[in-house]
Structure formats: C-alpha cells, structure tokens
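A structural walkthrough
Listed below, chain by chain, are the residues.
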Amino acid sequence: MADQLVAQPDTDQRDLDDRQGSSEDLESGMSYLTKEEAEDLFDRQARKYLGMSGVEFRRQYHAGAFDDPCRSDFIRVYFLMRLADE
Amino acid sequence: MPSGRAPAEAVERYRAQFVETVRCIAHGSRASSRERRYEVDQEYTIALNRSEPLQLRSSPGRYLSASQRFRVARNEGGSTGPFLAYTIEYWYQFLFDDEVELLAYHWTPEAFALGQKTYPHLHIGAAMVSVAAPVFPDTFHKKHVPSGQVSIESVVRFAIEELGVPPLRRDWSDILDRGQRQFDDDQLE
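Heads up: these notes are all about the structure in this document. The residue numbering used here restarts from 1 in each chain and proceeds along that chain's sequence as written. Ligands are numbered from 1 and chains lettered from A, in the order in which they are written. A pLDDT threshold of at least 70 governs which residues receive local features in this predicted model, and a stricter bar of 80 or more applies before side-chain atom pairs are shown or counted, although totals over entire chains, interfaces and linings include all residues.

Some thoughts on the overall build of chain A
Per the convention used, a helix needs a DSSP run of H or I reaching at least four residues, while a strand needs a run of E reaching at least two, with both numbered from the N terminus. Regarding its fold elements, chain A presents three helices and two strands. If you list the helices and strands of chain A from N to C, you get β-β-α-α-α. Going through the 86 residues of chain A one by one, you find that 35% of them count as buried. By definition, residue pairs are in contact when their C-beta atoms, positioned from the backbone, come within 7 Å. Considering only contacts within chain A whose residues lie at least 6 apart along the sequence, 40% involve residues at least 24 apart. Here a residue counts as buried when 20 or more other C-beta atoms sit within 10 Å of its C-beta, as exposed when there are 12 or fewer, and as partly exposed otherwise, the C-beta atoms being derived from the backbone.

Written out as structure tokens, the structure is:
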C-alpha cells in the first residue's frame, strides 16, 4: 500500500498458526471463530495464563472466588470467556 | 461512532476501525471475533491476536494486548445509518519482553462477578515502580489509578508519541483522529 512506511510482517504468529477451522479474512484482519473454537481458545488461554481450565475459570468467576481479579491475566481470560459465551 | 444501515454493518465498521487503528503500529495484526447473528442490544467481543501479546517488531521487546466488548444500538436520526456500535468494556496492556507489564488500562463494568473495580482505571506495572519509591514500592502496581474511558486510538497514539513506537502509516494521525472522534461521540451518550 502506498501509505505504508514499513512493509515487514509484524504479527506474532505463535498462536495464529493453529487457527484451523476458523474463517480468516486476511485483508480485514478478522478471524471469525465458531462457538467451539472460541471455547477452545478460552480454555487454552485460561490454562496458559492462570493454570486452570476454562470450565474452572467460569465456575470461579460466577462464584466471585478470585483473590486477585485485577491481575491483567484474569482480565485477559475474562474477555475470552465473554467471547466464548456469545 | 461506527454506524450502519444494518446491525451487521455497524459491527463490521467497529471491527474495521479497531484493526486499522492497531495496524498503525503493528503491520498485519489480526483480531478474533465470533461469527454470529448481529442484532440490536447484543454484545460482541473483539480480541487482538487471539489475546496473546502482540509483538511490535518495529520496537524490539515491546508488546501490546487489547480486547474490547461493544454493543449494538439503534441510532435514530443518525446521519450515517440507523444502527451504531459502541464500546462497553476494554482492556489494553503494554508489556516488555512478552511478560513484564508496563501499563494496563482496565474498564470492565459488566464483570460483576470478577470483583474487579468497575470504573475505568490504569495500573502502573510493578517493573515501572522504583524499589526506592517513598510509598507503596511493593504494592503500587495493584492500585487503581482512575482514568476516563480510554479508546484504542489514544492507546496507539500514546505508543507512537510517548513510547517511541514508529508508526507504520503516513496517515496514522488521521486514522486515530477519526476513530477518537467516533469514540468520543459514542461514549458521551
């Protein structure tokens, strides 16, 4: 594109490469997830960042059981729970 | 505000503005959202880079995380369409080396069960607080510094103008100005 100053790829690909099944629109930059894919992403990131399953995160969330909910990793997973619950 | 002739159009405009904004500093960045029916009074989530920190390769060691939730509403009399999409929650985070939090902006008024402060606030990363600070050297990163509602556009502008992240487009300021106007119009309602 004419208005690009730098043309090198800048996306962290670590978790983008396993997006099989999702609908990807490269030009718009959107990846459209099915409910199952969103639930899987939520579960994986809950395990990675908080060491618990998505099911356990959802249970503790609704029980108000988090000791330190302001940690950004809780917020990170909270948004993915919302995405999965849509 | 991102608006349209149908709810779907308002949603797509909202998402497009989000991606275009982030692409001012992260070329080729992508965001995830659900594929579903678009209806009035429904909420939608958009997560940058599948909620992984996105490396800003033009600025080694710097990463950005960002997610937003937004809602579709009627916009009777709107000049660009009868539907709009507006931000209801967000989370932005700057990191160094993928794991050291520098700053985090939180606004999650609908996270009723999280026990989180529901007003918009800022966290200063623990790594940014000197151990010689006269007060709260070990706990200041847990303090909720009140903020106004912060747009993704102002976060990207902060990265460019204050953190020295090089913009990737010559028209970056125009893109951010346009999105900020939309955000301001929307959030004041």
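Describing unusual backbone geometry
Residue and element names in this part refer to chain B. Despite not being glycine, Asp41 shows a phi value in the positive range, around 70°. Relative to the helices and strands, Asp41 is located in the loop between strand 2 (31-34) and strand 3 (43-48). Of note in this structure, Phe136 is not a glycine but carries a positive phi near 50°. With respect to the helices, strands and loops of the structure, Phe136 is situated in the loop between strand 8 (121-124) and strand 9 (145-146).

Section: the interface of chain B and chain A
Often, the extent of an interface is quoted as the loss of accessible area upon association of its parts. Counting from both sides, the interface comprises 49 residues of chain B and, opposite them, 39 residues of chain A. Where the side of chain B that touches chain A is concerned, the elements lending two or more residues are helix 1 (7-22), strand 2, strand 3, strand 4 (54-55), strand 5 (62-74), strand 6 (83-96) and strand 7 (100-107) of chain B. Among the elements that line the side of chain B that touches chain A, the one with the most residues is strand 2 of chain B, at four residues. For this classification, Asp, Glu, Lys and Arg are treated as charged, while Ala, Val, Leu, Ile, Met, Phe, Trp, Tyr, Cys and Pro are nonpolar and the rest, including Gly, are polar. When its residues are assigned to classes, the side of chain B that touches chain A shows 15 nonpolar, 18 polar and 16 charged.

Side note on helix 2 (residues 54-63) of chain A
Given 3.6 residues per turn, any residue in an α-helix points the same way as the ones three and four places further on. Residues and elements named next belong to chain A. All of the buried residues in helix 2 are Gly54, Phe57 and Tyr61. One side of helix 2 holds all its buried residues, which, seen down the axis, span an arc of 55°. Relative to its buried face, helix 2 has exposed residues pointing more than 90 degrees away, namely Val55, Arg59, His62 and Ala63. Next to the buried residues of helix 2 lie helix 1 (35-50) and helix 3 (72-85). A positive backbone phi angle near 65° is found at Gly64, which sits one or two residues after helix 2. The reported arc concerns the directions from the helix axis to the C-beta atoms and nothing else.

Regarding the environment of Gly54 of chain A
Residue and element names in this part refer to chain A. Tracing the chain through its elements places Gly54 in helix 2. On the basis of neighbour count, Gly54 is assigned to the buried category, with 21 C-beta atoms found within 10 Å. Along the primary structure Gly54 and Leu33 are separated by 21 residues, whereas in three dimensions their C-alpha atoms are 17 Å apart. Apart from residues lying up to four places away in sequence, Gly54 is in contact with Glu39, Phe42, Asp43 and Ala46.

Observations concerning the nonpolar core
Leu80 of chain A together with Val22, Ile25 and Tyr92 of chain B are the most contacted members of the largest nonpolar core, which totals 60 residues. Here Val22 of chain B is in contact with Ser29, Leu48, Ala66, Ile152 and Val156 of chain B, once residues within four sequence places are set aside. What we call a nonpolar core is a set of buried Ala, Val, Leu, Ile, Met, Phe, Trp, Tyr and Cys residues whose membership is set by joining through C-beta atoms within 7 Å.

Thoughts on the packing of helix 1 of chain B against helix 2 (residues 152-161) of chain B
Residues and elements named next belong to chain B. The convention used is that axes are lines fitted to C-alpha atoms, helices contributing only their stretch in contact, and that angles between N-to-C directions extend from 0 to 180 degrees. Relative to each other, helix 1 and helix 2 sit at 5°, their axes nearing to 9 Å. Considered as vectors, helix 1 and helix 2 are oriented roughly parallel to each other. Contacts between helix 1 and helix 2 involve Phe18, Thr21 and Val22 from the former and Ile152, Glu153 and Val156 from the latter. In terms of residue class, the contact of helix 1 with helix 2 is made up of four nonpolar, one polar and one charged. Oblique is the label for any angle not covered by the other classes, which are roughly parallel (under 35 degrees), roughly antiparallel (over 145) and roughly perpendicular (65 to 115).

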